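Notes for the structure review
One letter stands for each residue in the lines below.
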Amino acid sequence: MEITEFSMDLFSLDGKVAIVTGGNTGIGRAFSLALAKCGANILVPSLIDDDGTTQKIIEETGSCYVFMEVDLTDEGVPQQVVEHCVEVFGTVDILVNCAGMHLSAEVTKFDRSKWDPMIQLNLTAAFEMSHEAAKVMLSQKSGKIINICSLFSFLGGQQSPANAAAKHGLVGLTKAYCDELASSNIQVNGIAPGYMITDRTESEDSEITQRVLAHVPTNYFAEDVDLMGALVYLASPASNFVNGHILSVDGGYRVR
């Protein structure tokens, strides 16, 4: 492509089809909306019932929205999700692996009852969704897989070894899938969000909150909207030569 052909159209997702796991709550909802605002139709598989809020804001953009209430850790469900997306929309262009859970406890109490469900949803389900979506993307010689990683893809972190293990694992999965799928015009990348605004960080003036905030050069925590542009970039043709990359959106946390 000649440089004179560059335009904002490279960031358009008109006519694209995106699966956003866990895309009807929290950061997932912001991701679904970001893609829809750029023209993509959205399918959201989630265990959390949809109260209609996400559907309303997606359809107000002019995009289509389909919700599936499913448990991605159940056997065969990722295949069913991808097959349903193809049945409804004809294809899968974008997969955002966003669904996740977080359990915490001190090290002697963090046992398999906490480890297993976190690994199953945060890592294994992401692998299975990628595995199924890749079949469709390989057949059409194009696609985008975006794994939602974390600061703890690079750090240790206390009271949740499963979180660190799963997020490190997502980085490995991202790189492995990039290495194998890049020659088929499929880009596989990740986003590593930093500390986010939550009810706790807004309501507590705790020593821990202040210590973490002092480690962020921007001196404030991220909001959901701070991640939406990064997702659109990685989902769009503008990033076609970006592959196997983990984009930190952390306010500079890792440089301090």
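So, here's what we can say about the structure.

Each value, and the rule that gives it
Residues numbered from 1 in each chain as written. Predicted model: local features only at pLDDT ≥ 70, side-chain atom pairs only at ≥ 80, totals over all residues. Heavy atoms only, no water. Axes fitted to C-alpha atoms, helices over the stretch in contact; angles between N-to-C directions. Helix = DSSP H or I, 4+ residues; strand = E, 2+ residues; numbered from the N terminus. Left-handed = near helix turned anticlockwise from the far one by under 90°. Contact = heavy atoms within 4.5 Å. Nonpolar A, V, L, I, M, F, W, Y, C, P; charged D, E, K, R; others polar. Pairing = 2+ DSSP bridges. 1 Å grid on protein atoms, 1.4 Å probe; cavity = no way out; pocket = protein on both sides within 12 Å on 5 of 7 lines; lining within 4 Å. Points joined across faces, edges and corners; volume = space filled by probe spheres on them. Expected span 1.5 Å × (residues − 1). Core = buried A, V, L, I, M, F, W, Y, C linked by side-chain atoms within 4.5 Å. Buried < 20%, exposed > 50% of the residue type's maximum accessible area, 1.4 Å probe, protein only. Salt bridge = Lys/Arg side-chain N within 4 Å of Asp/Glu carboxyl O.

1. What about the packing of helix α3 (residues 77-89) against helix α4 (residues 112-140)?
α4 packs onto α3 with a crossing angle of 35° between their chain directions and a minimal axis gap of 8 Å. Note on packing geometry: the crossing formed by α3 with α4 is right-handed. Across the interface between the two elements, Pro78, Gln79, Val81, Val82 and Val86 from α3 touch Glu128, Met129, Glu132, Ala133 and Val136 from α4. Each residue belonging to the contact of α3 with α4 can be placed in one class, and the counts come to seven nonpolar, one polar and two charged.

2. Brief notes about the sheet that holds strand β1 (residues 17-20)
Ordered by their spatial adjacency, seven strands build an open sheet running β3-β2-β1-β4-β5-β6-β7, and the pairing between neighbours is parallel. Every other strand in the sheet has two partners, leaving β3 (65-69) and β7 (246-249) as the edge strands with one partner each. Recorded for the sheet is a direction-independent mean angle of 15° between the axes of neighbouring strands. In terms of strand pairing, strand β5 (residues 143-148) meets strand β6 (residues 186-193) through six bridges, oriented parallel. Bridge assignment links Asn147 to a residue of β6, and that residue is Gly190. Those strands touched by α4 are β1, β4 (94-97), β5 and β6, and its axis lies near 175° from that of β4. Against the sheet, helix α8 (residues 225-235) engages β4, β5, β6 and β7, with an angle of about 170° to β6.

3. Quick notes on the layout of surface pockets
In this model, the second largest pocket occupies a volume close to 160 Å³. Lys16, Asp93, Ile94, Ser142, Gly143, Lys144, Asn185, Gln187, Ala235, Ser236, Pro237 and Asn240 together form the lining of the second largest pocket. Each residue belonging to the lining of the second largest pocket can be placed in one class, and the counts come to three nonpolar, six polar and three charged.

4. Overview of α3
Between its terminal C-alpha atoms α3 stretches 18 Å, which fits the 18 Å expected from 13 residues at 1.5 Å a residue. Summarising the contacts, the buried residues of α3 are in contact with β1, β2 (41-46), β3 and α4. Phi turns positive one or two residues past the end of α3, at Gly90, with a value near 95°.

5. A word on the nonpolar core
The biggest cluster of nonpolar side chains holds 33 residues, and the ones touching the most others in it are Ile19, Leu72 and Val81. Among the secondary structure elements, those contributing two or more residues to this core are β1, β3, α3, α4, α5 (161-181) and β6. Counting residues per element, this core draws most heavily on α4, which supplies eight residues. Setting aside residues up to four positions removed in sequence, Val81 forms contacts with Ile19, Leu43, Pro45, Met68, Val70, Leu72 and Met129. Residues Leu33, Cys98, Met196 and Ala222 belong to the second largest nonpolar core, which totals 30 residues.

6. A look at the pattern of salt bridges
By the definition in use, this model includes three salt bridges. The salt bridge partner of Arg112 is Asp116, with a shortest N-O separation of 2.7 Å. One end of the pair is Arg112 and the other is Asp116, both in helix α4 and four residues apart, which spans about a single turn. Exposure remark for Arg112: the relative accessible area of 59% places this residue in the exposed category. One salt bridge in this structure joins Glu132 and Lys135, with 3.3 Å as the shortest N-O distance. Placement of both Glu132 and Lys135 in helix α4 is noted, with a separation of three residues, approximately one turn of the helix. The class of Glu132 is buried, set by a relative accessible area of 12%.

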